[in-house]
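# Chains, contacts and geometry: an overview
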Amino acid sequence: MVEEDFVARVDRNLNLEFGLKALKYPPELLRGVFLHELYHPLVGTVPGEPRWEAMLGMALRAGFGERKAHALANTAADYAINSSLRRMGVDLPEEGLFPEKHGLPTGLAAEEYMELVLQRALAEKARVEGSQGEAACQSEARAGESPEGQAAGASDSSQGAGNQAGKNRDSAGSGSQG
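## Here we look at the overall build of the chain
Within the chain one finds five helices and two strands. Within the chain, the proportion of its 178 residues that are buried is 31%. For the chain, restricting intrachain contacts to residue pairs at least 6 apart in sequence, the fraction spanning at least 24 positions comes to 50%. Carbon and sulfur atoms make up 53% of the accessible area of the chain, which totals about 10500 Å².

Pasting the structure below:
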């Protein structure tokens with residue numbers, strides 16, 4: 001037992017650790033957690049294994065940072081593992097990651113889930129960046145107005161150039177955010 005705030009984790013050498021969150025589960029669910037964690041190295045979905053590194057690479061190439069890429073790859077792997085374990089009749093904690101709870105089909109391979117998870121993450125990233133860009137443009141527009149709503153000391157052409165520079169800065173910086 002590790003005195004950290006997680007349920008369980010495993011590495012490619014089958015070093016399995018249970019954390020403090022594991023204490024809340026009854027033995028029949030801990031059996032499922034144990035099987036889930038052992039499944040990761042057996043199917044190659046742990047860091048250092050080619051299958052994991054390929055999924056991680058997909059997320060990194062899509063422009064996500066290292067931490068987010070690991071989270072996305074783990075989500076895809078968990079969907080595949082939990083789907084398989086449920087088909088085998090293994091009891092798992094309900095708060096686990098199950099594809100059907102997120103509108104995804106069951107029974108896919110981790111790589112197939114990775115494609116779906118990436119599509120959703122990219123759509124969410126675009127939505128967030130779009131709303132942030134819109135808010136920045138509105139903020140820039142408000143900053144350039146006097147209390148009476150008129151432009152304060154700048155011509156229309158210089159305001160347009162400033163807004164365009166802001167848009168270029170937003171799009172140039174979006175590739176490595178995670």
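## Considerations on the confidence of the model for the chain
Taken over all residues, the pLDDT of the chain has a mean of 81, while the share at 70 or more is 74%. Within the chain, no element has a lower average pLDDT than helix H5 (residues 156-173), which sits at 32, and none a higher one than helix H2 (residues 50-61), at 98.

## Quick notes on the environment of Leu38
Tracing the chain through its elements places Leu38 in helix H1 (residues 27-43). Taking the relative accessible area as the measure of exposure, Leu38 reaches 22% and is therefore partly exposed. Considering only alpha carbons, one finds Leu38 and Leu16, 22 residues apart in sequence, at a separation of 7.8 Å.

## Re the packing of H1 against helix H3 (residues 66-87)
Close contact between H1 and H3 brings their axes to 10 Å; oriented N to C, the two are set at 125°. The angle between the axes of H1 and H3 places the two elements in the oblique class. Handedness of the H1/H3 crossing: right-handed. Taken together, the residues of H3 that come into contact with H1 (itself represented by Gly32, Leu35, His36, Tyr39 and His40) are Asn74, Ala77, Asp78, Ile81, Asn82, Ser84 and Leu85. In terms of residue class, the contact of H1 with H3 is built from five nonpolar, six polar and one charged.

## Topic: the environment of Gly63
Checked against the element boundaries, Gly63 lands in the loop between H2 and H3. Separated by 59 residues in the primary sequence, Gly63 and Leu122 have C-alpha atoms spaced 8.9 Å apart.

## Thoughts on H2
A turn of α-helix holds 3.6 residues, and therefore any two residues three or four places apart point the same way. Over its twelve residues, H2 runs 16 Å from end to end, which matches the ideal 16 Å to within 8%, given 1.5 Å per residue. By the burial criterion, the buried members of H2 are Trp52, Met55, Leu56, Gly57 and Ala59. Gly63 sits one or two residues past H2 and shows a positive phi near 100°.

## Section: the packing of H2 against H3
Two quantities define a packed helix pair, namely the angle between the axes and the distance from one axis to the other. It is the contact of H2 with H3, at a shortest axis distance of 8 Å, that shows an interaxial angle of 130°. As judged from the angle between their axes, H2 and H3 are oblique. Between H2 and H3 lies a crossing whose hand is right-handed. Taking contact as the criterion, the partners of Trp52, Met55, Leu56, Ala59 and Leu60 in H2 are, on H3, Glu66, Ala69, His70, Leu72, Ala73, Asn74 and Ala77. Here the contact of H2 with H3 is built from residues that sort into nine nonpolar, two polar and one charged.

Definitions and limits used
- Residues numbered from 1 in each chain as written.
- Predicted model: local features only at pLDDT ≥ 70, side-chain atom pairs only at ≥ 80, totals over all residues.
- Heavy atoms only, no water.
- Helix = DSSP H or I, 4+ residues; strand = E, 2+ residues; numbered from the N terminus.
- Buried < 20%, exposed > 50% of the residue type's maximum accessible area, 1.4 Å probe, protein only.
- Contact = heavy atoms within 4.5 Å.
- Areas by Shrake-Rupley, 256 points an atom, 1.4 Å probe, with all protein chains shown as cover.
- pLDDT = per-residue confidence, 0-100.
- Axes fitted to C-alpha atoms, helices over the stretch in contact; angles between N-to-C directions.
- Parallel < 35°, antiparallel > 145°, perpendicular 65-115°, else oblique.
- Left-handed = near helix turned anticlockwise from the far one by under 90°.
- Nonpolar A, V, L, I, M, F, W, Y, C, P; charged D, E, K, R; others polar.
- Expected span 1.5 Å × (residues − 1).

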